[in-house]
Amino acid sequence: MKQSIYVLVLLVAFGMQAQEKEDATMVSETIMEAKTQTKDSTKSTSKRIKIDGVAAVVGDYIILESDIDKTFLDFQQQGVSMEGLTRCKLLGKLMEDKLYAHQAIQDSIEVSPGEIRDRVNQNIEYFSQQTNGMAELLKFYAMEDEATLRERLTEITKVQFLTNRMQSKVVRDVEITPEEVRQFFEKIPVDQRPVIGVELEVAQIIIAPEPSKEAVDKVIDKLKGIKAEVEAGSSFGTKAILYSKDRASGRQGGLMAINKRMSLAKEFKDVAFSLQQGEISDPFETEFGWHIVMIDKVRGQERDVRHILLIPEITNEKLEEARKEIDTLRQRIMAGELTFDEAARSFSDDKETRNNGGKLINPATYDTHFELTKMDPEQYSQIEPLKGNEISIPLIDETRTGQKRFKLLKVTNRYNEHVADYSKDYIKIKSLALKEKQLKEVGKWITQKIEDTYINVNSDNRKCEFTNNWLKK
């Protein structure tokens, strides 16, 4: 459901017809002519002009009545509960998003074209799958062609990036002390404290088959040959489309927009940020395979890169060797020769978990607890049958690049459903307390920026009881 809402937000404006676009342009021009521009946007004045179709204006952004209508329709089509969801609440949310985006531009927050392009491509691919192809997608959203669809989605995606980065900037320096966490918890009435569902701690051991030296050398030679051809004038992007095993970027000519804050393989990040614009790396290895990288454009701490990933071939014999290795390891653990923790630290090929005895980190909470009802369905199906200290049979695991490997799973701890306890559930309570503090900071920021920003709400919407002071009463 959360993903559906995300999709809907992206598609708020997809149903806008050509006439509505013309209306938006006319409205923008009329408002710009009507404003008396000053350095302080709160002092801007405008003639009282009734223009059909405009719900509100926030800074340089216009929200059409059709935006609200389309959001309602999309929610209904996706089966989202409409209980308590009013037109005024939706307008308030759209205005809040535009306020973030407007202020992001004022604060010179940038979004690279590469980032937008990557996200648009991902979304187009996802939407096409959901509607059985591009033709059906265009028909469903009443868009005349793919170029128009991409143009519109590019506009929406840029606003989303700006909104998200402005939100992150507002709260990035908000911290919380243990005393504030304690006070937050003690303010919650005992009978209203949250209930924590059944939770598990899970550990894994990964054994990945090793490619032969001949297979590795073949891949390295191929990458060296591609590099030489590109330096001689061939297109890196075309080579990536033809050869790269990274399905996500390969379709886009290997293009990726990256920055130093992103979660990337250390080796990849080290190479990408050591090159100059236009330079191509030598082949290098990460846990995903072998790469070459070319720097398309450098923008301070951010850059657009193109890369090609090749994966050495794994023979059936090598895969069988890995299966036998992990089966032998399982037998040794069950015989008491070594513990699961010791086996993970000594033998697991998973760099992220082996130093922690194989314990998995929950990406949603960054701790080791997984709430049973919120686990990934595939992971749940593998974990649910395990009882006590039982260890799973060797399971086939596949990376996002299609590499096959084997894993063992074990539930190391089980926590029954319980009312939140300050000492046992401190990390979760801290997270809730921090979110509350961040929301307060966001509230203060919104209140201040509303005062500093040109905002105009259509007279038909002034009867709304907004959470924020959009009417500047």
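Everything numeric in this text was worked out from a predicted model, so none of it was measured.

A. Region of the structure containing the packing of aromatic side chains. On inspection of all chains with the given rule, the structure shows 4 aromatic pairs. For the pair Y422 and Y426, a centre-to-centre distance of 5.6 Å together with 85 degrees between the ring planes defines the contact as edge-to-face. The class of Y426 is partly exposed, set by a relative accessible area of 24%. Between R193 and the ring centre of F185, over which it is positioned, the NZ or CZ distance is 4.2 Å. Note that K222 overlies the ring of Y243, its terminal NZ or CZ placed 4.2 Å from the centroid.

B. Summary view of the environment of R299. Along the polypeptide, R299 turns up in strand β7 (residues 289–299). Separated by 187 residues in sequence, R299 and S112 place their C-alpha atoms 8.6 Å apart. Non-local contacts of R299, meaning those with residues more than four positions away in its chain, are made with S112 and D304.

C. A look at the pairing of strand β2 (residues 61–64). Both faces of β2 are covered, namely the face carrying Y61 and I63 and the face carrying I62 and L64. Inspection of the sheet shows strand β1 (residues 54–58) paired to β2 by 4 bridges, in the antiparallel sense. By the bridge assignment, V57 is partnered in β2 with I62. Counting the residues between successive antiparallel strands, the hairpin from β1 to β2 contains 2 residues, one of them, G59, with a positive phi of roughly 60 degrees.

D. Region of interest: the sheet that holds strand β8 (residues 302–310). One open sheet holds the 4 strands; their spatial order is β5-β8-β7-β6, and the pairing between them is antiparallel. Looking along the sheet, the strands with just one partner apiece sit at the ends: β5 (255–259) and β6 (284–286). If you compare each strand with its neighbour and ignore which way they point, the axes differ by 50 degrees on average. Bridge analysis of β6 against β7 gives 3 bridges, and the strand direction is antiparallel. Residue pairing across strands places E285 opposite W290, the latter belonging to β7. Each of β5 and β8 is contacted by helix α5 (residues 113–130), which is oriented at about 125 degrees to β5, the strand it contacts most. Against the sheet, helix α10 (residues 236–243) makes contact with β7 and β8, and its axis sits at roughly 40 degrees relative to β8, the strand it touches most.

E. Seen up close, the packing of helix α8 (residues 178–187) against helix α17 (residues 426–452). At a minimum axis distance of 9 Å, the contact between α8 and α17 shows a crossing angle of 90 degrees. In this view, α8 runs roughly perpendicular relative to α17, as classed from their interaxial angle. Contacts between α8 and α17 involve P178, E180, V181, F184, F185 and K187 from the first element and Y426, I429, K430, L432, A433, E436, K437 and K440 from the second. Here the contact of α8 with α17 is built from residues that sort into 8 nonpolar, no polar and 6 charged.

F. Fine view of the nonpolar core. Of all hydrophobic cores here, the largest spans 43 residues; its most connected members are L91, M95, V457 and W470. The contacts of M95, once residues within four sequence positions are left out, are A56, V58, I63, I455, V457 and W470. Membership of the second largest hydrophobic core comes to 15 residues, among which are I326, L338, F340 and I391.

G. Quick peek at helix α7 (residues 146–171). Helix length check: α7, at 26 residues, gives a terminal C-alpha distance of 37 Å against a target of 38 Å (1.5 Å per residue), a fit within 8%. Where α7 starts, the residue carrying a side-chain oxygen 3.3 Å from the main-chain nitrogen of A147 turns out to be D145.

H. Quick peek at the pairing of β8. β8 sits mainly inside the fold: 9 of its 9 residues count as buried. Residue alternation in β8 divides its side chains into two sets, E302, D304, R306, I308 and L310 and R303, V305, H307 and L309, and both sets are buried. By the bridge criterion, 5 bridges tie β5 to β8 in an arrangement that is antiparallel. When the sheet's bridge partners are listed, N259 is paired in β8 with E302. The pairing of β7 with β8 spans 9 bridges and is antiparallel. Bridge assignment links V298 to a residue of β8, and that residue is R303. Linking β7 back to β8 in an antiparallel pair, the connection comprises 2 residues, with G300 at a positive phi of about 65 degrees.

I. Structural detail: helix α9 (residues 213–231). Between the first and last C-alpha of α9 there are 27 Å, a value that for 19 residues agrees with the 27 Å anticipated at 1.5 Å per step. Buried within α9 we find A215, V216, V219, I220, L223, I226, K227 and V230. One face of α9 carries all of its buried residues, which in axial projection span an arc of 135 degrees. Exposed positions of α9 whose direction lies more than 90 degrees from the buried face are K213, E214, K218 and D221. Within two residues after α9, G233 carries a phi angle of roughly 125 degrees, on the positive side.

J. Up close: the packing of α7 against α17. Direction vectors running N to C along α7 and α17 enclose 110 degrees, while the axes themselves pass 9 Å from each other. One way to sum up the angle between α7 and α17 is to call them roughly perpendicular. Seen from above, α7 lies across α17 with right-handed handedness. Contacts from M166, V170 and V171 of α7 reach α17 at Q438, E441, V442 and W445. When its residues are assigned to classes, the contact of α7 with α17 shows 5 nonpolar, 1 polar and 1 charged.

The rules behind these values
Residues numbered from 1 in each chain as written. Predicted model: local features only at pLDDT ≥ 70, side-chain atom pairs only at ≥ 80, totals over all residues. Heavy atoms only, no water. Phe/Tyr/Trp six-rings, centres within 6.5 Å; stacked < 30°, edge-to-face > 60°. Buried < 20%, exposed > 50% of the residue type's maximum accessible area, 1.4 Å probe, protein only. Lys NZ or Arg CZ within 6 Å of the ring centre and 35° of its normal. Helix = DSSP H or I, 4+ residues; strand = E, 2+ residues; numbered from the N terminus. Contact = heavy atoms within 4.5 Å. Pairing = 2+ DSSP bridges. Axes fitted to C-alpha atoms, helices over the stretch in contact; angles between N-to-C directions. Parallel < 35°, antiparallel > 145°, perpendicular 65-115°, else oblique. Nonpolar A, V, L, I, M, F, W, Y, C, P; charged D, E, K, R; others polar. Core = buried A, V, L, I, M, F, W, Y, C linked by side-chain atoms within 4.5 Å. Expected span 1.5 Å × (residues − 1). Polar contact = N/O pair within 3.5 Å; in protein donor to acceptor, adjacent residues only side chain to side chain. Arc of directions from axis to C-beta. Left-handed = near helix turned anticlockwise from the far one by under 90°.

These figures come from the coordinates and say nothing about function on their own.
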